[in-house]
Each structure stands twice: as C-alpha cells, then as structure tokens.
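Secondary and tertiary structure notes
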Amino acid sequence: MDRPAVIRKTASDWRVAPHWHDYEAQRADFSWDDVRRELEGLPGGALNIAHEAVDRHARGPRRHHPAFVFLGEQGQRDVLTYAELATLTNRFASALASLGVHRGDTLFVLSGRIPELYIAVLGSLKAGMVVSPLFSAFGPEPVATRLTLGAGRVLVTTESLYQRKVEGLRGHLPQLEHVLLVGEKGRETSLPDTLDFGRFMSCGTDVFDTVPTFPEDAALLHFTSGTTGKPKGAQHVHKAVLMHWMTGKYALDLHPGDIYWCTADPGWVTGTSYGIIAPLLHGITSVIDEGEFDAERWYRILQEEGVSVWYTAPTAIRMLMKAGMELAKARSFPQLRFIASVGEPLNPEAVWWGIDAFSLAIHDNWWQTETGGIMIANAPAFDIKPGSMGRPLPGVEAGLVRRLQDGSISLVEAPGEEGELALKKGWPSMMRGYLGEAARYRSCFSGEWYLTGDLARRDADGYYWFVGRSDDVIKSAGHLIGPFEVESALLEHPAVAEAGVIGKPHETLGELVKAFVSLRHGFEGSEALRRDILGHARKRLGAAVAPKELDFLPSLPKTRSGKIMRRLLKARELGLPEGDISALEQS
Ligand code: AMP
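The structure reproduced in this document is the subject of the present report. In this text, all values refer to a predicted model and were calculated from it rather than measured experimentally. (Residues numbered from 1 in each chain as written. Predicted model: local features only at pLDDT ≥ 70, side-chain atom pairs only at ≥ 80, totals over all residues. Heavy atoms only, no water.)

Re the site of the ligand
Near the ligand there are 17 residues, and of these Asn365, Gln368, Thr369, Asp454 and Lys475 occur at the shortest range. At a separation of 3.2 Å, a nitrogen atom of the ligand approaches a polar backbone atom of glycine 343. Taken by itself the ligand offers 500 Å² of open surface, and the protein chains cover 96% of this. Ranked by the residues each element gives to the shell around the ligand, the list is headed by strand 14 (residues 362–366), at 3 residues. Classifying every residue of the shell around the ligand by side-chain character gives 7 nonpolar, 5 polar and 5 charged. (Near = heavy atom within 4 Å. Polar contact = N/O pair within 3.5 Å; in protein donor to acceptor, adjacent residues only side chain to side chain. Areas by Shrake-Rupley, 256 points an atom, 1.4 Å probe, with all protein chains shown as cover. Helix = DSSP H or I, 4+ residues; strand = E, 2+ residues; numbered from the N terminus. Nonpolar A, V, L, I, M, F, W, Y, C, P; charged D, E, K, R; others polar.)

Laid out in structure tokens, this is it:
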C-alpha cells in the first residue's frame, strides 16, 4: 500500500491537549529561567535532582500517588508511592554516612530493574554522591573497566551478579570499598567483604535532609563508547534536571494522571533520564518491568497497566512487528495516547505499523549520552514525516556542519545537504566532561558548537533526517558498542593475532557485532575455534556486547601506521565500494 510522505496532525488526533502546539512561537518564548521556576530548588540556590523528583511530590498533594509500579519477573506487582519512595531513599541516603563515603564520591549500581536500583540511584543523589548505573548484561570486563575508570567506592548489586561478574575481579578494584548485595528472593546475604542491602537500609533513618548540591555539581556518570580507547565517562550535573523536566513536557507530553512506561534499562542513559528521573519530575506513575522482551508480555503490560505514554526503541518495535499483528489485535489499549522511540533510526514502516497496531503513529526522537536529554523530536501536535527524527526542541539550537582541514567548521545551510549534526552549547544537560579525558572532551567542540559525530540532513521544513555515524561505533539493539573494547577482548584469546570489529546491518538489531580475526602462527581456522573465540568474548564482555559472527582472515587491512581499517572490512563485507584506500598498508 502506498503511504503518504507526511502524517498530518489535526486537533482531533489529541486525546489530551499537547503542551506544545505552535512550533515557532513557543520556541521563541521559551526560557530556561522559566523552567527553573517550575522546580522548587533548595535554599541558597541549591538544586538536587532527587529533591525535585521525589521529595517535592512526597511533601505535597501527590504524596500518596504511585511513583513506581514494579512488575517482577515472577509476576509480582509492587507499588511505591511518592511518600514511600521518599522514606526509602532517605534511609539509603542516611545509611551511606555509616560507610564513610562523601558528597562527590561515586556509587555504581549493577542490577536488573528491581526496586533497590531505583532507591540506590535516587538515595545517592540525595546524599550528593555521583551515581553510575551499569547494564546488568555486561560481562566482568566491561564492569571492571567502568568501575575502575569511575573510581567507584560503593557498588550496589545482587548476590548472583556479584558472584558472576565482580567477585573474581575484586582484587583488581582496590578503590571499591563497599559492596551492597541484594539477596536472591529477599534473603539476607553474607558473602565475604560485602554488606546485605536490607541490613544496610536498617542503619538509615526515615528522615534525611537532602544535600544542597549546586546546579553544577556532578550527579550522573554514564559510560558511552568511542571508536578508540576506553569507554568514555560522560559527566552530568544536577542542573540537567531542567532538561529532564522540559523534555518530559515537550517531547514526551507528560500530563498529570499519565501512566508511563519507558522500556529502556537504566544501564543506558535513556533508562535513567527517562526511566527514572523525567516521569518523577512530573509526578506521574512509571511502570518498571523487570522482565526481558516478550511480545505477549509487553502487550499485556500496555493493556493491563493502562499505559498512556510509552517510550521505547526501534529494535523492540521491530521485534513486536516480527511477532505478528494478531498479538497486538488480541488486546485493546484505550488509555494509550502517545508513543515515542529513540536510540536508532526508526524506519517509516515502524511508524506506520504503530498506526495499524495502536491507531497511533510512533514519534521518533534523537539524543545521545553526551546531550543528557532529548534534543530533536516529533512532538504530538506536529506533522510527522516518517523516517525523520523531528525538529529541535525549545531551548535547543541544532545545525549541520562540515569539519574543515584547519580544524574549524563551516555551516551547511542548503536544505537536503548532508552534514555533521551539531548543537549550540548552553542546554543544561550537556555533559560537563569525559572523566579524566579533557582533550577528548575539548575535541567534541568547535567554537560554540558541540559536534555529535552523527551525520544528518535537514529538509526545507526544518525536519532532521539521520544519515549515519561519522565514526565506527556500532549501534546494536539500541546499545552503543565501541569496537575497540570488543577487539581488546578478542585479542586476549590465545589464538587471535589481530581483530577488527564492525556493525553489520541486521533486520531486527539494527546492527549486529561482527568480528574479523587473523590467527597466530600455529592456529588453524575451524568451526570449533570460531565457537571457542565467540564463547571467550561472550564470557568476558557479556551477551549484549560480544560479537555474534566471526570470520577468519589471513590478515586484516591496516593503515601504514598499523590501524585496522574497519571501514574497509565493512565495505568488503557488504560488497560496497572500498572508497579511498590510499592509507592501506600493502602487504
Ligand atoms: P547513546 O549515547 O548510546 O544514547 O547513543 C547515541 C547515538 O544513537 C546517537 O549519536 C545516534 O547515532 C543514535 N541515535 C539515537 N537516537 C537516534 C534516532 N532517533 N535516529 C537515529 N539514530 C539515533
């Protein structure tokens, strides 16, 4: 069936009047000072994310309103009101004093989506600590790398994750002084050199004065991947709360009474900014599902929990599409009124599928770990051009640039022309640094522009269209994966001499991690060796990061300076033109 290029919106499409309906006028009127006035703040100009997210509501008329509905893997359903969340986070924050940790120290969380994760994140913020949630599907190496880079003094995890991913490397983590363990099925734990989470909480008090952090104090540390070197720790400050609030309003259209479900894991930035903070700022109820993707279960949650605003990702949507329309049609979703997606390109078919399955288009939006919040979006009142990620939000100035030889940039103005997506400095959730890597951070900026590393086009109506990444970073199932981290793990296998890793287009995952290796003298490529190397990588890196495919090559294409040419590996794999290979080392 032919689908039009634009989905026109009319007022009859809105079940609730959107917050934003005049694109130009509301952008022109917008000011961050006005957003700041919507928040409460703390005496002396202090600002704390957890105060705005939890205590502001816990002391007001929404105190008995559910903040979280936790759906456990075994079918349990636990509700926490704002008042209960305030008490639990107070207990956590006050108990931290018994550990001798201080404002500004870093606490990591490594767990599935269980209540303790949310309590630890918000409680640490109340205590003025910097918090970094890690993805529980990481293997021991990515976990240890990030704990070391972030100099984590405290880790909150579960007994089984600790045993599988941390215990073996604990001797290499001297800065990690305290490990709080959530026992299986609520049982107390007593592993050596750890503390039981429940016992720890009982040392705390129900009342706690949130630390009056300054707007520029560090709050969140999110690791992201680059093409080379170690993962980058993007540092975010308490002032990011302005962005979380603004985008909750204008991009996600949150209204009082909404039941909201963000399917992202807090181990990735979306699951923190929008899976924890933004919905709480708006005093609404968030559904948290501990389970992994399952089409039938997801439709059941949407229906039975009465989800009204749903924030999900293209891979999940593609998996739902694959599971068949009948599953969607077997249920009804009368409450659902707005669907948004982020993380990878949302193909036009997925936008249309939303209309077929839910009578609602899916609204793509764009941002990245470094930006700390949604920057470009399709908001409910505006026409959608399927395939486009939308237009810049209020308070966000976007542009397209070309990098010049002398290190400066020029703006790309002509509609339809490709350039690197750039954002004008000044939005409150912009990262304040890459941990310990000042030069790497500086290289992201040119004058007043932050350069995103993404290539895009802008049409004559100001809509942005994603073209691709300007680097070799891989996006698989919405997760950013640094080829270097994967290559390093492969090189630890005794048979591997060289490794090059690329993202190969994949129908569901967006990209699949594919490795190419050459072998050391004395090893022969065989099916058994392939499985052994893939198994080794999986054990080290975890299922979310490890390569799914591996080919043996006699040698890998390299530049004369010895860098593996991943671009060339990719072009050869996909049968594309090899481009400029003047730097190729001739063997
Ligand atoms: P992360 O920092 O892990 O959130 O990944 C950010 C990157 O994901 C961006 O730089 C883009 O390459 C990609 N991305 C995020 N949202 C979109 C989108 N709506 N369309 C296309 N790519 C996206």
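What follows continues from the structure just given.
Some remarks on the sheet that holds strand 2 (residues 77–81)
Sheet architecture is open: 9 strands sit in the order 2-1-11-10-12-13-14-15-16, paired in mixed fashion. For this open sheet the edge positions go to strand 2 and strand 16 (391–392), each flanked by a neighbour on one side alone. Where strand 1 (residues 66–71) and strand 11 (residues 285–289) come together, 4 bridges link them in parallel fashion. Residue pairing across strands places valine 69 opposite valine 287, the latter belonging to strand 11. (Pairing = 2+ DSSP bridges.)

Some thoughts on the side chain of histidine 222
Here histidine 222 lies in strand 8 (residues 218–224). When its relative accessible area of 4% is taken as the criterion, histidine 222 is described as buried. With residues up to four places along the chain from it excluded, the contact list for histidine 222 reads Pro133, Lys232, Gly233, Ala234, His236, Val269, Thr272 and Thr369. (Buried < 20%, exposed > 50% of the residue type's maximum accessible area, 1.4 Å probe, protein only. Contact = heavy atoms within 4.5 Å.)

Topic: the packing of aromatic side chains
Enumeration over the complete set of coordinates arrives at 30 aromatic pairs. Each ring, one from phenylalanine 333 and one from phenylalanine 358, has its centre 5.1 Å from the other, and the planes form 65°; the classification is edge-to-face. Of this pair, phenylalanine 333 sits in the loop between helix 13 (325–329) and strand 13 (338–342) while phenylalanine 358 sits in helix 14 (residues 348–358), placing them 25 residues apart in sequence. The class of phenylalanine 333 is buried, set by a relative accessible area of 12%. For phenylalanine 358, a relative accessible area of 6% puts it in the buried group. Aromatic ring contacts, followed pair by pair, group Trp261, Phe293, Trp298, Tyr299, Trp310, Phe333, Trp353 and Phe358 into a single cluster. Geometry around tyrosine 463 places lysine 385 over its ring, the cationic atom sitting 4.8 Å from the centre. Over the ring of tyrosine 23 we find arginine 391, and its NZ or CZ is 3.8 Å from the ring centre. (Phe/Tyr/Trp six-rings, centres within 6.5 Å; stacked < 30°, edge-to-face > 60°. Lys NZ or Arg CZ within 6 Å of the ring centre and 35° of its normal.)

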